[in-house]
Amino acid sequence: MTPAIEVQQLSKRYGALTALDDIDLKIEQGEFFALLGSNGAGKTTLISILAGLIKPTSGTARVMGYDVQSQYQQTRQRLGVVPQELVYDPFFNVREMLVMQSGYFGIKHNDVWIDEILFRLDLANKAHVNLRALSGGMKRRVLIAQALVHKPPVIILDEPTAGVDVDLRQSLWQFVQQLNQDGHTVVLTTHYLEEAEALCRRVAMLKQGRVVVLDSIENLVRTIRDYTLLLRLSTNILPDGLQSWTVKHDPVGELYRISIKEYTEIETILSLLREAGIQIIDLQLRQPDLEDVFVKTMEMDQAVAL
Ligand SMILES: Nc1ncnc2c1ncn2[C@@H]1O[C@H](COP(=O)(O)OP(=O)(O)OP(=O)(O)O)[C@@H](O)[C@H]1O
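Residues numbered from 1 in each chain as written. Predicted model: local features only at pLDDT ≥ 70, side-chain atom pairs only at ≥ 80, totals over all residues.

J.: Can you break down the overall build of the protein chain residue by residue, with the values?
T.: Looking only at helices and strands, the protein chain features ten helices and 14 strands. In terms of principal-axis extent, the alpha carbons of the protein chain reach across some 75 × 45 × 35 Å. Relative to its full complement of 306 residues, the protein chain shows a buried share of 31%. When contacts within the protein chain are restricted to residue pairs at least 6 apart in sequence, long-range pairs at least 24 apart make up 70% of them. (Helix = DSSP H or I, 4+ residues; strand = E, 2+ residues; numbered from the N terminus. Buried ≥ 20, exposed ≤ 12 C-beta atoms within 10 Å, placed from the backbone. Contact = placed C-beta atoms within 7 Å.)

J.: I'd like to hear about the sheet that holds strand β6 (residues 79-82), residue by residue, with values.
T.: Strand order in the open sheet formed by six strands is β6-β7-β8-β3-β9-β10, and the pairing between neighbours is mixed. The open sheet has two edge strands, β6 and β10 (210-216), and neither has a second partner. Going across the sheet, the axis of each strand differs from the next one's by a mean of 15 degrees, ignoring polarity. Across five bridges, strand β7 (residues 154-158) lies against strand β8 (residues 185-189) in parallel orientation. (Pairing = 2+ DSSP bridges. Axes fitted to C-alpha atoms, helices over the stretch in contact; angles between N-to-C directions.)

J.: An account of the site of the ligand is needed here, citing residue identities and associated values.
T.: Around the ligand, a shell composed of Y14, L17, A19, G37, N39, G40, A41, G42, K43, T44 and T45 is seen. Broken down by secondary-structure element, the contributors of at least two residues to the shell around the ligand are β2 (17-27) and α1 (43-50). Residue contributions to the shell around the ligand peak at three residues, all from α1. Of the residues assigned to the shell around the ligand, the class counts are four nonpolar, six polar and one charged. (Near = placed C-beta within 6 Å. Nonpolar A, V, L, I, M, F, W, Y, C, P; charged D, E, K, R; others polar.)

J.: With reference to specific residues and values, describe helix α9 (residues 264-275).
T.: Helix length check: α9, at twelve residues, gives a terminal C-alpha distance of 17 Å against a target of 16 Å (1.5 Å per residue), a fit within 8%. Positive backbone phi, at 75 degrees, marks G277, one or two positions downstream of α9. (Expected span 1.5 Å × (residues − 1).)

J.: Just give me the short version of the domain arrangement of the protein chain, but keep the residues and values in it.
T.: The extent of an interface is frequently quoted as the accessible surface area lost upon association of the parts. Partitioning the protein chain into domains gives domain 1 (5-221) and domain 2 (227-287). Between the C-alpha centres of domain 1 and domain 2 the distance comes to 43 Å. (Domains from an automatic or database assignment.)

J.: Residues and numbers for the environment of E218, please.
T.: Assignment of secondary structure puts E218 in helix α8 (residues 217-223). What makes E218 exposed here is the crowd of 10 C-beta atoms within 10 Å. In the structure, E218 is positioned 15 residues away from V203 in sequence and 9.9 Å away in space, judged by C-alpha atoms.

J.: I'd love a proper account of the sheet that holds β2, names of residues and values included.
T.: If you trace the four strands from one edge of the open sheet to the other, you get β2-β1-β4-β5, paired in antiparallel fashion. Only two strands of the sheet have a single neighbouring strand rather than two, namely β2 and β5 (66-67). Alignment of strand β4 (residues 58-63) against β5, held across two bridges, turns out to be antiparallel. The residue bridging V63 from the neighbouring strand is Y66, located in β5.

J.: So what's going on with unusual backbone geometry? Residues and values would help.
T.: Of note, the phi angle at D22 is positive, near 60 degrees, even though the residue is not glycine. Looking at the element boundaries, D22 is found in strand β2. Non-glycine residue E159 carries a positive phi angle of around 45 degrees. Residue placement: E159 occurs in the loop between β7 and α6 (166-181).

J.: Tell me what's going on with the pairing of β8, and back it up with residues and numbers.
T.: Of all five residues making up β8, five are buried, and the element is well covered by its neighbours. The side-chain alternation of β8 yields two buried faces, one formed by T185, V187 and T189 and the other by V186 and L188.

J.: Before we move on, could you go through the confidence of the model for the protein chain and cite the residues and values that matter?
T.: Detailed reading of predicted coordinates is not advised where the pLDDT is low. In this model, the protein chain carries a mean pLDDT of 91, and residues with pLDDT of at least 70 account for 98%. Scored by ipTM, the complex comes to 0.96, with pTM at 0.85. (pLDDT = per-residue confidence, 0-100.)

J.: Help me get a handle on the nonpolar core, residues and values and all.
T.: L50, A145, I156, V186 and V203 are the most contacted members of the largest nonpolar core, which has 64 residues in total. Per-element accounting of this core gives the leading share, six residues, to helix α5 (residues 136-148). Ignoring sequence-local partners within four residues, the contact set of V186 consists of F32, F33, I155, L157, V176, L179 and N180. (Core = buried A, V, L, I, M, F, W, Y, C linked by C-beta atoms within 7 Å.)

J.: Tell me about helix α4 (residues 111-120), residues and numbers included.
T.: Those residues of α4 lying buried are I114, I117, L118 and R120. Taken end-on, α4 shows its buried residues confined to a sector of 165 degrees, consistent with a single buried face. Within α4, the exposed residues directed more than 90 degrees away from the buried face are D111, V112 and F119. Those residues of α4 hidden inside the fold are in contact with α3 (94-104), α5 and α6. At the C-terminal side of α4, D122 shows a positive phi close to 55 degrees. (Arc of directions from axis to C-beta.)

J.: Outline the pairing of strand β13 (residues 255-260), listing residues and values.
T.: The pairing of strand β11 (residues 227-233) with β13 spans five bridges and is antiparallel. What sits directly across from T228, in β13, is S259. Direction of pairing for strand β12 (residues 247-250) relative to β13: antiparallel, over a ladder of four bridges. Residue H249 lies in a different strand from β13, and its bridge partner there is Y256. Taking the residues between adjacent antiparallel strands as the criterion, β12 and β13 are bridged by four residues, where G253 takes a positive phi near 80 degrees.

This is the structure in structure tokens:
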């Protein structure tokens with residue numbers, strides 16, 4: 001099957017700055033894929049190239065098999081991008097804007113789908129409100145509606161939940177998951193790693209314009225064997241024996257965070273505390289998650305081999 005997105009040896013330079021450095025990436029149709037990276041890693045640059053908004057310095061990018069530069073019309077029809085920035089035309093109301101956007105794609109009678117999108121994004125009662133009169137979160141919903149108006153098979157969401165309240169986040173994710181189940185490929189960039197972990201199966205992490213991690217979230221989390229033992233204790237004087245572990249004191253909630261690699265270390269720590277007469281008021285064990293993978297990846301000096 002043709003990949004939804006295929007990027008080969010893609011680079012983008014702004015003068016001396018390399019925003020994307022020889023990237024190869026393939027996202028299959030039907031995937032729910034996370035594109036992660038810290039600020040300035042190159043995520044928006046990659047998305048802008050896919051959307052045909054900027055030209056790469058070298059390399060190729062394809063959407064559903066079509067080249068984003070030489071076959072721009074075909075890729076535009078197949079791609080819906082929700083941009084990070086709130087850009088909107090202040091002269092129209094929500095419905096007018098969506099009808100107009102449908103027109104750009106040559107779709108004449110789109111009312112049924114527009115109604116469905118408005119309903120799913122909880123915008124039905126704002127259909128006749130002028131865009132400039134909407135709150136930031138509502139404008140973001142309109143941007144999402146705008147990206148979906150032509151039912152594109154590939155949907156890219158660039159930090160769609162920034163500034164969005166919890167209610168909409170949940171209904172938005174339900175809607176996007178439904179679209180994914182219906183066969184749409186979804187690519188998501190977000191700084192909320194728990195969101196990526198809950199929704200996506202595979203992830204690429206960008207660092208300084210390079211793909212440094214590409215794998216399923218399940219595999220990545222499995223490779224991390226750092227557990228955190230969280231303890232609230234009856235005293236703040238710890239037994240000397242605990243010096244063999246990295247212990248961090250978190251004044252919020254008076255917690256001690258002890259990094260361990262094996263479950264058996266818990267037994268030793270508990271017996272050291274018991275021997276010192278220290279009581280445990282609260283105990284939790286935190287499993288490694290995508291955030292641990294991300295922090296580790298970003299800390300590494302060199303890109304890890306793919
Ligand atoms: N038009 C431009 N001119 C010069 N440099 C640019 C331009 N656009 C982006 N850059 C630089 O390219 C690099 C990648 O930026 P990009 O916006 O792609 O990062 P990002 O991963 O999307 O970051 P964020 O998470 O902050 O959105 C950054 O160093 C940025 O400053």
